[in-house]
Amino acid sequence: MLELLAATNPIDDLWQATLPAPTPALQVSVVDGFRLLVFRHLPGGVAAADEALAANRLPALPAPGTCVGSDPWQVWLGPGESLLLTTNDELAVRVLAALSPGCHPLTCVLEQSAAWLVFDLLGQGVDALLPRLLDDSAIPRQPGQGVRARFMDIRGVVMRAGPDRVLVAVDRSHGGSAARWIGQAWSAAQG
């Protein structure tokens, strides 16, 4: 009989070690437990997506450039695509069941939780940090704004969740680079 090994993930430890140390101005953490669902639809599939969202007491698909809700968050990614982030597993399962590929000819939802890593940036220092990581035009400045953006040199989704809170989702394979960039950008912002 094989015995399962219990070990920490050295990659996760490395990411945490490269993030800035928590200060009163900025706390940065990697958030575990998010489910990320991507809605994809053709123009005629919006109604089916909105119906599935309404059945789960969620607002309709977000408008361009917006981020709606607060766990779950819905973020507009582009024409025909939006992202739902949630820590509610039951909600994610219901939405996936309603719009799994093949259920509707013009829309579907894809589970991409394992492919993304979410950073939570919290504190008044967020506004000093973001210009060092994103193009000025890509920075969501008001709560409720969300964009797909180039985060340093990788694709990311940036959501202004509150006045001093920003969530940044990046491809998990780039997590180490993103963590280092956040740490280096914060060091530079501090002078």
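A. Looking closely at the nonpolar core. Counting 26 residues, the largest nonpolar core has Phe119, Leu121, Phe151 and Ile182 as the members making the most contacts within it. Among the elements that take part in this core, helix H5 (residues 175–189) stands out by supplying five residues, more than any other. Ile182 has contacts with Leu19, Pro20, Val28, Phe119, Leu121, Leu129, Leu133 and Phe151, leaving out every residue within four places of it along the chain. Formed by 15 residues, the second largest nonpolar core is a distinct cluster that contains Trp73, Trp116, Val157 and Met159.

B. Local environment of the pattern of salt bridges. One pass over the structure, following the stated rule, counts eight salt bridges. For Arg165, the salt bridge identified is with Asp120, shortest N-O distance 2.9 Å. Here Arg165, found in strand S10 (residues 165–171), pairs with Asp120, found in strand S7 (residues 116–122); they are 45 residues apart in sequence, far enough to count as distant. A relative accessible area of 27% places Arg165 in the partly exposed class. Residue class for Asp120 comes out buried when judged on its relative accessible area of 11%. Its salt-bridge partner being Asp136, residue Arg141 comes within 2.4 Å of it at the nearest N-O pair. On the basis of relative accessible area, Asp136 is assigned to the exposed category, the value being 54%.

C. Main features of the state of the cysteines. Evaluation of the coordinates by the stated rule reveals zero disulfides. Here Cys103 stays free of any disulfide, with the sulfur of Cys108 as its closest cysteine sulfur at 9.5 Å.

D. Focus on helix H3 (residues 89–98). Buried within H3 we find Leu91, Ala92, Val95 and Leu96. Along the axis of H3, the buried residues cluster in a sector spanning 130°; they form a single face. Of the residues in H3, the exposed ones pointing more than 90 degrees away from the buried face are Glu90 and Ala97. For H3, the N-terminal cap is Asn88; the gap from its side-chain oxygen to the backbone nitrogen of Glu90 is 3.1 Å.

E. Seen up close, the side chain of Thr86. Mapped onto the fold, Thr86 is located in strand S5 (residues 81–86). The residues touching Thr86, leaving out its near neighbours within four places in the chain, are Gly33, Phe34, Arg35, Asp71, Pro72, Leu91 and Ala92.

F. Representation of the environment of Thr66 in the model. Position of Thr66 among the secondary structure elements: in the loop between helix H2 (46–55) and strand S3 (67–69). Given a relative accessible area of 21%, Thr66 falls into the partly exposed group. The contacts of Thr66, once residues within four sequence positions are left out, are Gln74, Val75, Trp76, Gly144, Gln145 and Gly146. Reaching out from Thr66, the side chain makes a polar contact with the backbone oxygen of Ala63 at a distance of 2.6 Å.

G. Geometry of the sheet that holds strand S2 (residues 35–41). If you trace the five strands from one edge of the open sheet to the other, you get S3-S4-S5-S2-S6, paired in antiparallel fashion. What marks the edges here is a single partner per strand, and that holds for S3 and strand S6 (107–111). Mean inter-strand twist for the sheet, computed between neighbouring axes without regard to direction, equals 20°. This element, H2, spans S2, strand S4 (73–78), S5 and S6 of the sheet and lies at about 150° to S2. Lying over the sheet, H3 contacts S2, S5 and S6, oriented at roughly 25° with respect to S2.

Rules and cut-offs
Residues numbered from 1 in each chain as written. Predicted model: local features only at pLDDT ≥ 70, side-chain atom pairs only at ≥ 80, totals over all residues. Heavy atoms only, no water. Core = buried A, V, L, I, M, F, W, Y, C linked by side-chain atoms within 4.5 Å. Buried < 20%, exposed > 50% of the residue type's maximum accessible area, 1.4 Å probe, protein only. Helix = DSSP H or I, 4+ residues; strand = E, 2+ residues; numbered from the N terminus. Contact = heavy atoms within 4.5 Å. Salt bridge = Lys/Arg side-chain N within 4 Å of Asp/Glu carboxyl O. Disulfide = S-S within 2.5 Å. Arc of directions from axis to C-beta. Polar contact = N/O pair within 3.5 Å; in protein donor to acceptor, adjacent residues only side chain to side chain. Pairing = 2+ DSSP bridges. Axes fitted to C-alpha atoms, helices over the stretch in contact; angles between N-to-C directions.

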